[in-house]
Amino acid sequence: MRWELDPSPSLWKVFLAYSLFVALALLLLGLLFLLYGVSPLKAYGLLLSPLGDSLGLAEVGRRTIPLLLIGAGLALAFRVGFFNIGAEGQLLMGAVGGAYVALFLPPGPWTLPLMFLLGGGLGAVWSGLAAWLRVRFGANEILTTLMQNYLVYYLVVYLVAGPWKGQMVFGFLYTDRFPPEAQLPRLGDTLVHWPTLLLGIAAALGLQLLLFRTPLGFEWRILGENPQAARYLGLKGGRLILLAALLSGFLAGLAGVGEVAGIHLRLLEPAQISLGYGFTAILVAWLARGRPLWVLFTAPLLGLILAGGDALKLALSMPFRVVDVVAGLLLLSLIGAEALSQRRLIWRR
Amino acid sequence: MEEALLRAVLFGTPILLASLGALLSERGGVVNLGVEGMMALSALAAFAAALEAGPVWGVLCGVGVGSLLGLFLGVFAVFLRANQFVAGLALAALGLGASGLLGKRYEGTPLPDPLPEGVLAGLALILALGLHLLLSRTRYGLYLRSVGENPKAADLFGVSVDGVRYLALALGGGMIGLAGAYLSLAYRPSWTDGMTSGLGWVAIALVILAGWQPLRAVLGAYFFGLLFFLQFRLQGSVPIPSEAFAAMPYLLVILVLALSGRARAPRALGQPFDRGR
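None of the values given here were measured: they were computed from a predicted structure. (Residues numbered from 1 in each chain as written. Chains lettered and ligands numbered in written order. Predicted model: local features only at pLDDT ≥ 70, side-chain atom pairs only at ≥ 80, totals over all residues. Heavy atoms only, no water.)

Q: Which residues make up the overall build of chain A, and what values do they have?
A: Helix and strand counts for chain A come out as 14 helices and two strands. In terms of overall dimensions, chain A is globule-like: its C-alpha atoms have a radius of gyration of 21 Å, near the 20 Å expected for 349 residues. Within chain A, buried positions represent 54% of all 349 residues. Here the contacts in chain A between residues at least 6 apart in sequence split such that 77% fall between residues at least 24 apart. Side-chain charges of chain A comprise 25 positive and 16 negative groups, with the mean position of each set lying 10 Å from the other. (Helix = DSSP H or I, 4+ residues; strand = E, 2+ residues; numbered from the N terminus. Rg over C-alpha atoms; globule rule 2.2 N^0.38 Å. Buried < 20%, exposed > 50% of the residue type's maximum accessible area, 1.4 Å probe, protein only. Contact = heavy atoms within 4.5 Å. Lys, Arg positive; Asp, Glu negative; His and termini not counted. Charge placed at Lys NZ, Arg CZ, Asp CG, Glu CD.)

If you want it as structure tokens, here you go:
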């Protein structure tokens, strides 16, 4: 008995593999809920509760915005073979850049565009650094981008506790409130800052076109599919990787600006700016299978999980870490199902 | 001076143990990026068991949970031949999340009878030596290295590639579990969410820095330990913000990766083995 590759699995088999793994993930998650001391059914209900009312849906929407921007960029980066795990840090860099413009430059109609520009730029610098270290020195980008997350984390903590600490706030660790010129408009009473949402949708569409309708996209896809072939064709692999990394970092930076200018209206502790968007967006991109357009569907799905995690936290005072558990299990079941469906069991040696 | 060296060894021990565990499976061709989560979950398991049944059971439980998590990674990395990097990252998130969730009731509980750090530090040194001998002098070590370099050839010679890899993941997982147990039973006898504080990632980088050699990992781990010691010692006495000190290990990992990025890894590292291909 042994495993063999199944080059063309039937749809039925793919469906079965995914159902099996999703069921296993739900089972394991339920077990964890039981061990924690809550009824799994109640926990699952809460996880899906944001779907029930318009307030919940707005919460999902608000969390979808950064996931859209980051996910679209990561879908591109993964496709090209740049494994950017540092979107979390790039988002925080974006928040820092946005906050700098909002707090220290004279306000005016140029403030918001400038915030997005500087925030995105800093995000791009941050991911570009990892790409450069990989291209120039061969440093594994999974580890460097991950370490960079910690670096910005401490940078933000330093800024809000030290030099950028607000004049008007006393016991709290955050900056002063942004001036009105640096605040993004929202939809009604919700926290959905729609300009960033539009940027996210535009990013998904734009990257899809770039990847599938331009010569540059063609080169990117060759490089991601088969680096050796790319070398024989004389493609400049280093430059292609750097460009994809810069783009994904830029989009993550934009997401960071959106969070501080659209929701918090100030720079504050890093754990409050990003609720693990960087890691969750990896799932968004992985689910989208290297197609930036598909992010339009996968980002709301993960937005729902983040909103549900918040509901669990509020209702059962469960640590927000529960989102990590859900994300980890989902990612595992995804790659497991993918691998299982591409294989078949042969009853002979 | 003597104190500095002692503290360096004690700080370096969890890094050493975890990186030996990662090194073992990487020599067999399986990347383990789940170290951080595996350490967190086994630290919690060790702490809970030690509260119930004493420190010896705590250590055993930590090692056992580490081994099981190694095999869990094996289900994806070896059995299903899924993407090892993604599987490891997912395991890291799962382990950190699950330990934060399940450990909530243990936060703030002190451990009545902690383990002496020195014993485990000595054990880590012996394990490093043992791993060196295992890799260079034993049949299993030969199999493991051949599986990591050229699984196809090893398979042709009748070595069970999957079997060797499972064993490496279980043994390595046990060492990572021991690193977790050291944290929660000896180093800081308590449980707090996030107590691994990035040590798992440092351990992974150390494997690369050490060129996949256990004895070099010893030196590297103690070097990191010395830096951690200096960080604690200098904090507050020099006009540098404490956040800069806290960020230092991560900066160091990046530097290490840049300096040793082109070190020669086991040739089949990260590649699932498929007999049919």
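Here the narrative resumes, following the displayed structure.
Q: Please give an account of the interface of chain B and chain A that cites residues and values.
A: If you look at the interface, chain B gives 44 residues, while chain A gives 47 residues. Interface of chain B and chain A: buried area, both sides summed, is about 4,300 Å²; carbon and sulfur atoms make up 76% of it. Put simply, chain B and chain A have one salt bridge between them. In this structure, the salt-bridge partner of A:R321 is B:D193, at a minimum N-O distance of 3.1 Å. Joining chain B to chain A, the criterion identifies four residue pairs in polar contact (both at pLDDT 80 or more). For the side of chain B that touches chain A, the leading source of residues is helix α4 (residues 84-102) of chain B, giving 13 residues. Of the residues belonging to the side of chain B that touches chain A, the class tally is 29 nonpolar, six polar and nine charged. (Buried area = accessible area lost by both parts, 1.4 Å probe. Salt bridge = Lys/Arg side-chain N within 4 Å of Asp/Glu carboxyl O. Polar contact = N/O pair within 3.5 Å; in protein donor to acceptor, adjacent residues only side chain to side chain. Nonpolar A, V, L, I, M, F, W, Y, C, P; charged D, E, K, R; others polar.)

Q: Can you explain the domain arrangement of chain A? Please cite residues and give values.
A: All names here are of chain A. The domains assigned to chain A are domain 1 (1-38 + 318-349) and domain 2 (39-317). Domain 1 puts 22 residues into the contact, and the matching count from domain 2 is 19 residues. Of all residues in domain 1, the largest losses of buried area upon contact with domain 2 belong to V38, M318 and F320, amounting jointly to 33% of the total for that side. In this structure, the connection of domain 1 to domain 2 is made through one salt bridge. Two residues, R289 and E338, come together in a salt bridge whose shortest N-O distance is 3.7 Å. (Domains from an automatic or database assignment.)

Q: Quick rundown of a nonpolar patch on the surface? Include the residues and the values.
A: All names here are of chain A. On the surface, a nonpolar cluster with roughly 640 Å² of combined accessible area is contributed by Y100, F104, L105, W110, L114, L117 and L118. Elements that contribute at least two residues to the nonpolar patch include exactly α4 (87-104) and α5 (111-137). By residue number, the principal contributor to the nonpolar patch is α5, which donates three residues. For Y100, the location among the structural elements is in helix α4. (Patch = residues over 30% accessible without salt bridge, like charges linked within 9 Å, V, L, I, M, F, W, Y side chains within 5 Å. Areas by Shrake-Rupley, 256 points an atom, 1.4 Å probe, with all protein chains shown as cover.)

Q: Mind laying out the packing of aromatic side chains, listing which residues take part and the relevant values?
A: Counted according to the given criterion, the structure contains 19 aromatic pairs over all chains. Seen in terms of ring centroids, A:W12 and A:F15 are 6.1 Å apart; in terms of plane orientation they differ by 25 degrees. Their pairing is stacked. On the criterion of helical spacing, the pair formed by A:W12 and A:F15 is a turn pair, its members being three residues apart in helix α1 (residues 11-36). Each ring, one from A:F21 and one from B:F76, has its centre 6.3 Å from the other, and the planes form 50 degrees; the classification is tilted. Of the two residues, A:F21 is situated in helix α1 and B:F76 in helix α3 (residues 55-79); the pairing between them involves two chains. For the pair shown, A:F21 and B:F76 are each scored as buried. For the cation-ring pair, A:R136 lies above A:F137, with the distance from its terminal atom to the ring centre recorded as 5.0 Å. (Phe/Tyr/Trp six-rings, centres within 6.5 Å; stacked < 30°, edge-to-face > 60°. Lys NZ or Arg CZ within 6 Å of the ring centre and 35° of its normal.)

Q: Which residues make up the packing of helix α3 (residues 54-80) of chain A against helix α8 (residues 215-225) of chain A, and what values go with them?
A: Residue and element names in this part refer to chain A. Interhelical geometry of α3 versus α8 gives an angle of 55 degrees and a closest axis separation of 7 Å. In terms of orientation, α3 and α8 fall into the oblique class. Along its contact with α3, which presents L76, R79 and V80, the element α8 presents W220, R221, L223 and G224. Taken together, the residues that form the contact of α3 with α8 break down as four nonpolar, one polar and two charged. (Axes fitted to C-alpha atoms, helices over the stretch in contact; angles between N-to-C directions. Parallel < 35°, antiparallel > 145°, perpendicular 65-115°, else oblique.)

Q: Please set out unusual backbone geometry residue by residue, giving values where relevant.
A: Positive phi outside glycine occurs at A:L265, with the angle close to 65 degrees. Positionally, A:L265 belongs in the loop between α10 (237-264) and α11 (270-273).

Q: Explain the nonpolar core to me, using residue names and the numbers behind them.
A: In this structure, A:F33, A:I70, A:M115, A:L267, A:I273, A:L312 and A:M318 are the most contacted members of the largest nonpolar core, which totals 210 residues. Ranked by residue count, the leading element in this core is helix α8 (residues 161-187) of chain B, at 14 residues. Residues from two domains meet in this core; each of domain 1 (1-38 + 318-349) and domain 2 (39-317) of chain A gives at least three. (Core = buried A, V, L, I, M, F, W, Y, C linked by side-chain atoms within 4.5 Å.)

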